[in-house]
Amino acid sequence: MHKFTDDDAGYLRWIGNHPDGFVLNIERGERPDYAVLHRATCSSISRVREDGAYTARNYKKVVSDSLADIRAYTKSMGRKDRDFSKLCGHCQPL
Ligand SMILES: [Zn+2]
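Enquirer: Quick question: what am I supposed to make of helix α2 (residues 67-76) here?
Expert: Three or four residues apart is the spacing at which side chains of an α-helix point the same way, because the helix has 3.6 residues per turn. Taken together, the buried positions of α2 are occupied by Ile70, Tyr73 and Thr74. On an axial view of α2, the arc spanned by its buried residues comes to 100°, and they lie on one face. Structural note: α2 exposes Ala68 and Ser76 on the side pointing more than 90 degrees away from its buried face. Packing partners of the buried residues in α2 comprise β1 (2-4), β2 (22-27), β3 (35-39) and β4 (59-64). Taking the backbone nitrogen of Ala68 as reference, a side-chain oxygen 3.2 Å away marks Ser66 as the first, capping residue of α2. Phi for Gly78, located one or two positions after α2, is positive at around 110°.

Structural data, given as C-alpha coordinates:
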(Lines give C-alpha, C1' and ligand atoms only; values in the text may rest on other atoms or scores of the structure.)
Protein backbone atom coordinates (compact mmCIF):
# COMPACT_ATOMS: atom_id res chain seq x y z
CA MET A 1 0.00 0.00 0.00
CA HIS A 2 1.18 3.50 -0.79
CA LYS A 3 -0.12 6.93 0.04
CA PHE A 4 0.46 9.76 -2.39
CA THR A 5 0.46 13.36 -1.21
CA ASP A 6 1.93 16.15 -3.34
CA ASP A 7 3.17 13.59 -5.85
CA ASP A 8 0.96 13.35 -8.92
CA ALA A 9 3.85 12.01 -11.01
CA GLY A 10 4.47 9.15 -8.60
CA TYR A 11 0.76 8.47 -8.34
CA LEU A 12 0.25 8.34 -12.10
CA ARG A 13 3.27 6.05 -12.43
CA TRP A 14 1.81 3.68 -9.82
CA ILE A 15 -1.60 3.38 -11.42
CA GLY A 16 0.05 2.88 -14.82
CA ASN A 17 1.99 -0.06 -13.38
CA HIS A 18 -0.95 -1.55 -11.43
CA PRO A 19 -3.92 -1.80 -13.79
CA ASP A 20 -5.66 -4.23 -11.42
CA GLY A 21 -5.11 -2.01 -8.39
CA PHE A 22 -7.48 0.12 -6.35
CA VAL A 23 -7.40 3.81 -5.56
CA LEU A 24 -8.98 5.40 -2.52
CA ASN A 25 -9.62 9.12 -2.92
CA ILE A 26 -9.60 10.90 0.41
CA GLU A 27 -9.42 14.44 1.67
CA ARG A 28 -6.20 15.95 2.92
CA GLY A 29 -7.48 15.88 6.46
CA GLU A 30 -8.72 12.27 6.08
CA ARG A 31 -12.27 13.05 7.13
CA PRO A 32 -13.93 9.63 7.51
CA ASP A 33 -17.07 10.86 5.76
CA TYR A 34 -15.17 11.01 2.47
CA ALA A 35 -13.55 7.82 1.14
CA VAL A 36 -14.28 7.09 -2.51
CA LEU A 37 -13.10 3.86 -4.13
CA HIS A 38 -11.97 3.59 -7.76
CA ARG A 39 -10.22 1.10 -9.96
CA ALA A 40 -6.72 2.21 -10.98
CA THR A 41 -7.87 2.31 -14.60
CA CYS A 42 -10.76 4.72 -13.95
CA SER A 43 -10.59 7.62 -16.37
CA SER A 44 -11.74 10.09 -13.74
CA ILE A 45 -8.58 9.56 -11.66
CA SER A 46 -6.00 8.56 -14.29
CA ARG A 47 -6.03 11.13 -17.06
CA VAL A 48 -3.01 13.43 -17.02
CA ARG A 49 -4.17 16.83 -15.78
CA GLU A 50 -2.53 20.00 -14.63
CA ASP A 51 0.03 19.63 -11.87
CA GLY A 52 -1.40 18.71 -8.55
CA ALA A 53 -4.92 17.82 -9.60
CA TYR A 54 -4.82 14.43 -7.86
CA THR A 55 -2.61 14.69 -4.82
CA ALA A 56 -1.56 18.28 -4.22
CA ARG A 57 -4.72 20.23 -3.59
CA ASN A 58 -7.60 19.10 -1.43
CA TYR A 59 -7.15 15.39 -1.97
CA LYS A 60 -4.67 12.60 -1.64
CA LYS A 61 -4.69 9.00 -2.79
CA VAL A 62 -4.19 5.68 -1.06
CA VAL A 63 -3.42 2.88 -3.50
CA SER A 64 -3.00 -0.88 -3.27
CA ASP A 65 -3.38 -4.07 -5.25
CA SER A 66 -5.22 -5.45 -2.24
CA LEU A 67 -8.78 -4.42 -1.51
CA ALA A 68 -8.28 -5.74 2.04
CA ASP A 69 -5.48 -3.19 2.54
CA ILE A 70 -7.74 -0.39 1.34
CA ARG A 71 -10.53 -1.50 3.68
CA ALA A 72 -8.06 -1.59 6.58
CA TYR A 73 -7.08 1.96 5.71
CA THR A 74 -10.64 3.22 5.79
CA LYS A 75 -10.95 1.61 9.21
CA SER A 76 -7.82 3.47 10.35
CA MET A 77 -9.52 6.69 9.26
CA GLY A 78 -12.37 5.96 11.65
CA ARG A 79 -14.84 4.22 9.37
CA LYS A 80 -15.91 1.39 11.63
CA ASP A 81 -17.55 -0.54 8.85
CA ARG A 82 -14.32 -0.80 6.76
CA ASP A 83 -16.38 0.41 3.88
CA PHE A 84 -16.46 3.42 1.60
CA SER A 85 -18.48 6.60 1.53
CA LYS A 86 -19.03 6.03 -2.17
CA LEU A 87 -18.12 3.66 -4.98
CA CYS A 88 -17.21 5.43 -8.19
CA GLY A 89 -20.09 5.26 -10.64
CA HIS A 90 -17.76 5.32 -13.65
CA CYS A 91 -15.51 2.35 -12.90
CA GLN A 92 -17.79 0.43 -10.49
CA PRO A 93 -14.87 -1.02 -8.54
CA LEU A 94 -16.72 -3.78 -6.67
ZN1 LIG B 1 -13.74 5.49 -10.78
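Enquirer: Can you walk me through the pairing of β4 in this structure?
Expert: The side chains of a regular strand alternate, first on one face of the sheet and then on the other. Of all the six residues making up β4, five are buried; the element is thus mostly covered by neighbouring parts of the structure. Bridging between β1 and β4 involves three bridges; their strand directions are antiparallel. Bridge assignment links Phe4 to a residue of β4, and that residue is Lys61. The pairing of β2 with β4 spans six bridges and is antiparallel. Within the sheet, the bridge partner assigned to Glu27 lies in β4 and is Tyr59.

Enquirer: So what exactly am I meant to see when it comes to the coordination of the zinc ion here?
Expert: Around a metal, the ideal angle is 109.5 degrees if four donors adopt a tetrahedral arrangement and 90 or 180 degrees if six donors adopt an octahedral arrangement. For the zinc ion, the protein coordination sphere consists of His38 (ND1), Cys42 (SG), Cys88 (SG) and Cys91 (SG), at 2.2 to 2.4 Å. One way to put it: the four donor atoms around the zinc ion meet at angles of 96 to 122°, and that makes the site tetrahedral. In terms of primary sequence, the donors binding the zinc ion are separated according to H-x3-C-x45-C-x2-C. The exposure class assigned to His38 is buried, which follows from its relative accessible area of 6%.

Enquirer: What should I look at first to understand the nonpolar core in this one?
Expert: Burial of nonpolar side chains together is a common tendency in soluble globular proteins. With twelve residues, the main nonpolar core is built from Phe4, Tyr11, Trp14, Ile15, Val23, Ala40, Cys42, Ile45, Tyr54, Val63, Cys88 and Cys91. Excluding residues that lie within four positions of it along the chain, Ala40 makes contacts with Trp14, Ile15, His18, Pro19, Gly21, Phe22, Val23, Ile45 and Ser46. Membership of the second largest hydrophobic core comes to ten residues, among which are Phe22, Ala35, Leu37 and Met77.

Enquirer: Just checking my understanding: could you explain the packing of aromatic side chains for this structure?
Expert: Aromatic rings in a pair are described by how distant their centres are and how their planes are angled relative to each other. Applying the stated criterion across every chain yields a total of three aromatic pairs. Plain terms: the ring middles of Phe4 and Tyr11 are 6.1 Å apart, the flat faces sit at 65° to each other, and that makes the pair edge-to-face. With a relative accessible area of 10%, Phe4 lands in the buried category. When the centroid spacing of 5.6 Å and the interplanar angle of 50° are considered together, the rings of Tyr11 and Tyr54 count as tilted. With Tyr11 in helix α1 (residues 8-17) and Tyr54 in the loop between β3 and β4, the pair connects residues that are 43 residues apart, well separated along the chain. An aromatic cluster is built from Phe4, Tyr11 and Tyr54, whose rings are joined through pairwise contacts. Note that Lys61 overlies the ring of Tyr11, its terminal NZ or CZ placed 5.8 Å from the centroid.

Conventions and cut-offs
Residues numbered from 1 in each chain as written. Predicted model: local features only at pLDDT ≥ 70, side-chain atom pairs only at ≥ 80, totals over all residues. Heavy atoms only, no water. Buried < 20%, exposed > 50% of the residue type's maximum accessible area, 1.4 Å probe, protein only. Helix = DSSP H or I, 4+ residues; strand = E, 2+ residues; numbered from the N terminus. Arc of directions from axis to C-beta. Contact = heavy atoms within 4.5 Å. Polar contact = N/O pair within 3.5 Å; in protein donor to acceptor, adjacent residues only side chain to side chain. Pairing = 2+ DSSP bridges. Donors = N, O, S within 2.8 Å, 3.2 Å for Na, K, Ca; no water. Tetrahedral: all angles 85-135°; square planar, octahedral: opposite > 155°, others 65-115°. Core = buried A, V, L, I, M, F, W, Y, C linked by side-chain atoms within 4.5 Å. Phe/Tyr/Trp six-rings, centres within 6.5 Å; stacked < 30°, edge-to-face > 60°. Lys NZ or Arg CZ within 6 Å of the ring centre and 35° of its normal.

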